[in-house]
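What follows is each chain in one-letter form.
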Amino acid sequence: MLGNKTVNAKNHLEIANVDVVDIAEKFGTPLYVFDEALIRASMRTYREAFTRHYTDFEVAYAGKAFLCSYMCQIVREENLWLDVVSGGEYYLAYTSDFPTERIIFHGNNKTEEERKLVLKEGVGRWVIDSEWELSCLLEEAKGASVTVPVLFRLTPGIDPHTHAYITTGKIDSKFGLSLLEGIAEKTIKKALDSSHLEVRGVHCHIGSQIDTLEPFLKAAEVMLRFMDDFRRKYGYTLVELDLGGGLGVPYLDQDQDRFPSIPTYVEAICKKVKEVCQELSYPLPRLIVEPGRSIVNLAGSTIYRVGTVKEVPGVRKYVAVDGGMTDNPRHILYGAKYQAWLGNRVKGDPLERVAVVGKCCESGDVLIPEIELPAPCPGDVLVVEGTGAYNHSMASNYNLIPRPGVIFLKDGKAELIVRPESFCDLVRRDIIPE
Ligand SMILES: Cc1ncc(COP(=O)(O)O)c(C=O)c1O
């Protein structure tokens with residue numbers, strides 16, 4: 001089992017010492033459930049590891065993995081920065097009283113409305129993704145009479161060997177400034193001439209769910225060599241290096257040892273940065289990382305109720321739950337693998353090989369194509385593990401299915417922190433023209 005889970009005397013699954021059957025009865029299903037202590041622990045592990053190996057650093061939680069007002073509060077309390085990627089995420093952080101000077105603002109196509117909002121309310125780092133964005137920002141920062149601290153997102157040309165849809169740092173990418181033909185350096189040079197931009201450094205994010213250290217270390221080296229070249233050519237020292245997120249996590253028991261731990265990852269990148277800086281006689285930059293998945297994924301699970309159970313003789317048994325690709329699109333998107341338990345009968349015989357599917361009108365609406373469970377029946381509680389990252393934030397209303405609520409477990413208690421959507425919410429924005 002992943003995370004802080006146990007089986008109690010009733011043969012029920014407990015998450016953080018709370019019985020999932022009680023949770024399902026009290027809050028209804030489907031429901032996202034997070035163990036708050038695990039989230040805080042991974043945030044602390046990042047900061048503690050950096051404190052051991054590096055002096056000047058920031059850990060920015062990547063809100064795209066999972067964000068809501070209470071999460072912003074936790075990020076603030078744990079002294080992390082926050083990476084946001086849209087006006088909506090920025091607005092949520094801002095209205096949750098998250099300090100704007102600790103927000104990193106990303107996006108490969110920031111709209112005028114988004115740019116205006118962030119310029120007005122302020123930001124810790126604005127990550128410029130393209131030449132066009134730079135030209136907009138130069139004018140708009142001047143117009144607003146503000147000075148914006150900026151990083152430049154570069155594509156270092158590293159293949160992290162993860163799923164193509166979550167690979168972002170290869171040469172052929174919609175993100176960032178290419179190193180080819182001097183595009184990146186010319187763009188940064190242009191920004192140096194403006195008194196409304198404070199050029200702090202460079203950023204890269206090579207991909208997500210990465211299971212080896214090597215691509216991170218290669219990326220750090222490429223970025224530092226770029227910084228050094230830039231200093232030689234233009235006499236300007238870029239003082240910050242943001243290496244993005246991307247550390248992978250296990251989704252299955254059998255993968256528990258496949259991924260570098262947070263301390264191993266942090267130690268390795270700090271060591272690499274120090275080595276390359278020493279070789280180049282480059283002053284140690286402030287180092288920033290933006291982990292998302294590795295902070296929240298293991299802490300999250302989704303609780304469903306089993307409905308239809310259907311046997312196709314000699315072919316397969318389908319176990320349908322009251323959610324699906326609307327609350328977890330990751331299997332249909334990337335073929336992501338999950339494991340699950342029957343929360344009300346964790347151990348039992350006989351085990352049956354079944355497919356766990358959702359309730360959407362798509363044959364691809366599968367959560368787990370093959371899993372052994374103790375003969376699931378209608379009414380059982382099914383718990384899918386490792387759904388903390390990119391589930392709530394990627395949820396949709398396809399088939400007008402309301403999105404689940406979110407509860408956080410802490411000190412043996414369950415608190416609702418995002419209420420479930422109602423049918424009423426689903427029709428609230430509709431207008432019938434006269
Ligand atoms: C710019 C940036 N930073 C950080 C992250 C977080 O990545 P992960 O959740 O894999 O740590 C992402 C994810 O796509 C990203 O695009």
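Conventions and cut-offs
Residues numbered from 1 in each chain as written. Predicted model: local features only at pLDDT ≥ 70, side-chain atom pairs only at ≥ 80, totals over all residues. Heavy atoms only, no water. Domains from an automatic or database assignment. Contact = heavy atoms within 4.5 Å. Buried area = accessible area lost by both parts, 1.4 Å probe. Salt bridge = Lys/Arg side-chain N within 4 Å of Asp/Glu carboxyl O. Polar contact = N/O pair within 3.5 Å; in protein donor to acceptor, adjacent residues only side chain to side chain. Helix = DSSP H or I, 4+ residues; strand = E, 2+ residues; numbered from the N terminus. Near = heavy atom within 4 Å. Areas by Shrake-Rupley, 256 points an atom, 1.4 Å probe, with all protein chains shown as cover. Nonpolar A, V, L, I, M, F, W, Y, C, P; charged D, E, K, R; others polar. Disulfide = S-S within 2.5 Å. Buried < 20%, exposed > 50% of the residue type's maximum accessible area, 1.4 Å probe, protein only. Arc of directions from axis to C-beta. Axes fitted to C-alpha atoms, helices over the stretch in contact; angles between N-to-C directions. Parallel < 35°, antiparallel > 145°, perpendicular 65-115°, else oblique. Core = buried A, V, L, I, M, F, W, Y, C linked by side-chain atoms within 4.5 Å.

Asks: Even after reading the chapter, I still don't get the domain arrangement of the protein chain, so can you show me in this structure?
Replies: Buried accessible area, meaning the area lost when the parts come together, often serves as the stated size of an interface. Partitioning the protein chain into structural domains gives domain 1 (5-35 + 299-427) and domain 2 (54-295). Each of domain 1 and domain 2 was reduced to a C-alpha centroid, and the two centroids are 33 Å apart. Across the boundary between the two partners, domain 1 contributes 18 residues, which contact 16 residues of domain 2. Across the domain 1 to domain 2 interface the summed buried area is about 1,600 Å²; carbon plus sulfur atoms make up 64%. When the area that domain 1 buries against domain 2 is broken down by residue, the three leading residues are Y334, Q339 and Y390, summing to 34%. Linking domain 1 with domain 2 are zero salt bridges. If you look at where domain 1 meets domain 2, you find four residue pairs in polar contact (both at pLDDT 80 or more). Those elements giving two or more residues to the side of domain 1 that touches domain 2 turn out to be α11 (330-334), β20 (405-410) and β21 (413-418). Among the elements that take part in the side of domain 1 that touches domain 2, α11 stands out by supplying three residues, more than any other.

Asks: Would you take a moment to explain the site of the ligand for this structure?
Replies: In the vicinity of the ligand lie 15 residues, with S208, G246, E290, R293 and Y390 positioned nearest. A distance of 3.4 Å separates an oxygen atom of the ligand from a polar side-chain atom of H205. In the model, an oxygen atom of the ligand is placed 2.9 Å from a nitrogen or oxygen of the G292 main chain. Contact with the protein chains hides 91% of the accessible area of the ligand, taken as 400 Å² for the molecule alone. Its residues assigned to classes, the shell around the ligand comprises three nonpolar, seven polar and five charged.

Asks: Just to check I follow, could you spell out the state of the cysteines for this structure?
Replies: A covalent bond between the sulfur atoms of two cysteines is referred to as a disulfide. Inspection of every chain in the model, using the stated rule, returns zero disulfides. Between C361, a free cysteine, and C360, which holds the nearest cysteine sulfur, the sulfur-to-sulfur gap is 7.5 Å. For C361, a relative accessible area of 63% gives the class exposed.

Asks: I keep staring at helix α5 (residues 112-121) and nothing clicks. Help me out?
Replies: A turn of α-helix holds 3.6 residues, and therefore any two residues three or four places apart point the same way. Along α5, the residues that are buried comprise E114, R115, V118 and L119. Here the buried residues of α5 occupy an arc of 125° about the axis, which is enough to place them on one side. More than 90 degrees from the buried face of α5, the exposed residues found are E113, K116 and K120. The inward-facing, buried residues of α5 contact α4 (87-95), β7 (103-105), β8 (125-128), α6 (131-143) and β9 (148-155). At the C-terminal side of α5, G122 shows a positive phi close to 100°.

Asks: What is the right way to look at the packing of α6 against helix α7 (residues 183-192) in this model?
Replies: The description of two helices packed together rests on the angle between their axes and the distance between the axes. Where α6 meets α7, the axes come as close as 10 Å, and the angle between the chain directions of the two elements is 5°. Viewed along their axes, α6 and α7 adopt a mutual orientation that is roughly parallel. In this structure, α6 contributes E131, L134, S135 and L138 to the contact, and α7 contributes I183, T187, K190 and A191. Grouping the constituent residues of the contact of α6 with α7 by class yields four nonpolar, two polar and two charged.

Asks: So what exactly am I meant to see when it comes to unusual backbone geometry here?
Replies: Only a minority of non-glycine residues have a phi that is not negative, and only a minority of peptide bonds are not trans. In the segment running from T29 into P30, the intervening peptide bond is cis, with an omega of -10°. Within the secondary structure layout, P30 lies in the loop between α1 (20-27) and β4 (31-35). In this structure, P350 follows D349 across a cis peptide bond, with omega equal to -10°. Relative to the assigned elements, P350 resides in the loop between β16 (340-342) and β17 (351-357). Even without glycine at this site, N79 takes up a positive phi of about 65°. With respect to the element layout, N79 can be found in the loop between α3 (69-77) and β6 (81-84). With a phi close to 65°, D97 is a non-glycine residue in the positive phi region. Note on placement: D97 falls in the loop between α4 and β7. The class of D97 is exposed, set by a relative accessible area of 61%.

Asks: What is the right way to read the side chain of S301 from this model?
Replies: Among the secondary structure elements, S301 is positioned in strand β14 (residues 300-312). On the basis of relative accessibility, which here comes to 2%, the residue S301 falls in the buried class. Not counting residues within four places of it along the chain, the set of residues in contact with S301 comprises K5, I15, L31, Y32, V33, V383, V384, E385 and T387.

Asks: Can you help me understand the nonpolar core in this one?
Replies: One broad rule of soluble globular proteins: the nonpolar side chains tend to lie buried together. Residues F50 and Y61 are the most contacted members of the largest nonpolar core, which totals 83 residues. A total of nine residues in this core trace back to one element, the largest contributor, which is helix α9 (residues 262-280). Per-domain counts for this core show at least three residues from each of domain 1 (5-35 + 299-427) and domain 2 (54-295). With residues up to four places along the chain from it excluded, the contact list for F50 reads F57, V59, V266, I269, C270, L287 and V289. One finds V249, V306, L373 and V384 within the second-largest nonpolar core, a separate group that totals 18 residues.

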